[in-house]
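Structural overview for review
Chain by chain, the residues:
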Amino acid sequence: MKSNKLLGLFLSCLMISIPMSGCTSELKEILGESWGVPGGLALACLRDDAYRELVIEIDHAPGYNPESSTVSLLKERLGQVCDKPDGIRIELNEVNFAETSSWTATKVREIGHETMDAPPQSSELRWHVIMPQGKYSDDSVLGVAVDASTIALFSDSIDDATSIFNPRISSEDIENSVMVHEFGHLLGLVNLVYTSPADHEDSEHPGHSNNEDSVMYWAVETVSISAWFAGDLPTAFDQDDLNDMEGMKTGEIATKDQLWRP
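Remember, it's a predicted structure, so these values are computed and weren't measured experimentally. (Residues numbered from 1 in each chain as written. Predicted model: local features only at pLDDT ≥ 70, side-chain atom pairs only at ≥ 80, totals over all residues. Heavy atoms only, no water.)

This part covers the state of the cysteines. Across all of its chains, the model carries one disulfide by this definition. The disulfide that involves Cys-45 links it to Cys-82, with 2.1 Å between the sulfurs. Negative torsions about the S-S bond denote left-handed disulfides, and the value of about 100 degrees found for Cys-45 with Cys-82 makes this one right-handed. Highlighted residues: Cys-45 in helix H3 (residues 42-46) and Cys-82 in the loop between helix H4 (68-81) and strand S2 (88-94), separated in sequence by 37 residues. You can call Cys-82 buried: its relative accessible area is 6%. (Disulfide = S-S within 2.5 Å. Helix = DSSP H or I, 4+ residues; strand = E, 2+ residues; numbered from the N terminus. Buried < 20%, exposed > 50% of the residue type's maximum accessible area, 1.4 Å probe, protein only.)

Structure follows, in structure tokens:
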């Protein structure tokens, strides 16, 4: 494990700085109030006051559909923290995306907004995933959250992240972790729209956990993922993550930049 950590640290030093989901001030200028920032609909998901159902729309390019284990795991993890009495529904759509090579946060937002079936705040709360062909402009990035309801996963990069350092970790394993990780950002983790009473944010990777056992650990959304974990990849929120979300839900932890409040 020690050698894996050292290798991962070496790689992280070589990597280009990854655009963090928590750059809220910059995103506000780009997005305005309507689309918000990652974590901007956290309270709408954690509580049932306005939205009793959560719909996850996953639009994927032909041949880029998510693994069934990823879909079931995502539903399970969101069900553990989001108060949705009428349930969580996942819709899968095959889409021929216009962009097929290099993606940016702006491109993810534009195409994500164009392809979604309904806006985020309607009769139900809706979050949107796109899984296109091609890679992010920084090809070390496996997934990205770009506003309060939109994320992208890059399967080509996820495939590239397998067997480079740890052949026991499959692309399915990585997809599982990255999907939950990005939805963690939509839930505001870590410190994107609040300040945690626990010291669990990685100072060198804002918006991410410093705990390797948390799915919000920074390496989960980068190509160095397999260099950091000798065993199973994290797929669950740790206790600090869960405590933060419970605090936001009850109001014990103040939240900012919310598109909906009770």
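So much for the structure itself; the text now carries on.
Let us now look at the nonpolar core. Counting 58 residues, the largest nonpolar core has Ile-56, Leu-78, Trp-127, Ile-174, Met-179, Phe-183 and Leu-187 as the members making the most contacts within it. Looking at which element gives the most residues to this core, the answer is helix H7 (residues 171-186), with six residues. Aside from chain neighbours lying at most four places away, what touches Ile-56 is Leu-74, Leu-78, Ile-88, Arg-89, Ile-90, Glu-91, Trp-127, Val-129 and Phe-183. (Core = buried A, V, L, I, M, F, W, Y, C linked by side-chain atoms within 4.5 Å. Contact = heavy atoms within 4.5 Å.)

Looking now at the environment of Thr-115. Among the structural elements, Thr-115 can be located in helix H5 (residues 105-115). Assessed through its relative accessible area of 21%, Thr-115 is described here as partly exposed. On a C-alpha basis, the gap between Thr-115 and Asn-96 in space is 9.9 Å, while along the polypeptide they are 19 residues apart. Engagement of the side chain of Thr-115 in a polar contact is seen with the backbone oxygen of Ile-111, the distance being 2.9 Å. (Polar contact = N/O pair within 3.5 Å; in protein donor to acceptor, adjacent residues only side chain to side chain.)

Our focus in this paragraph is the confidence of the model for the chain. This prediction gives the chain a mean pLDDT of 87; 86% of its residues lie at or above 70. The low-confidence segment residues 1-33, where pLDDT is below 50, has 56 contacts with residues more than four positions distant or belonging to other chains. (pLDDT = per-residue confidence, 0-100.)

Turning to the side chain of Glu-91, a few remarks are in order. When you line up the elements, Glu-91 lands in strand S2. Within the local environment of Glu-91, its side chain forms a polar contact with the side chain of Arg-126, the two groups lying 3.0 Å apart. Once you skip the residues sitting within four places of it in the chain, Glu-91 turns out to touch Val-55, Ile-56, Glu-57, Ile-58, Asp-117 and Arg-126.

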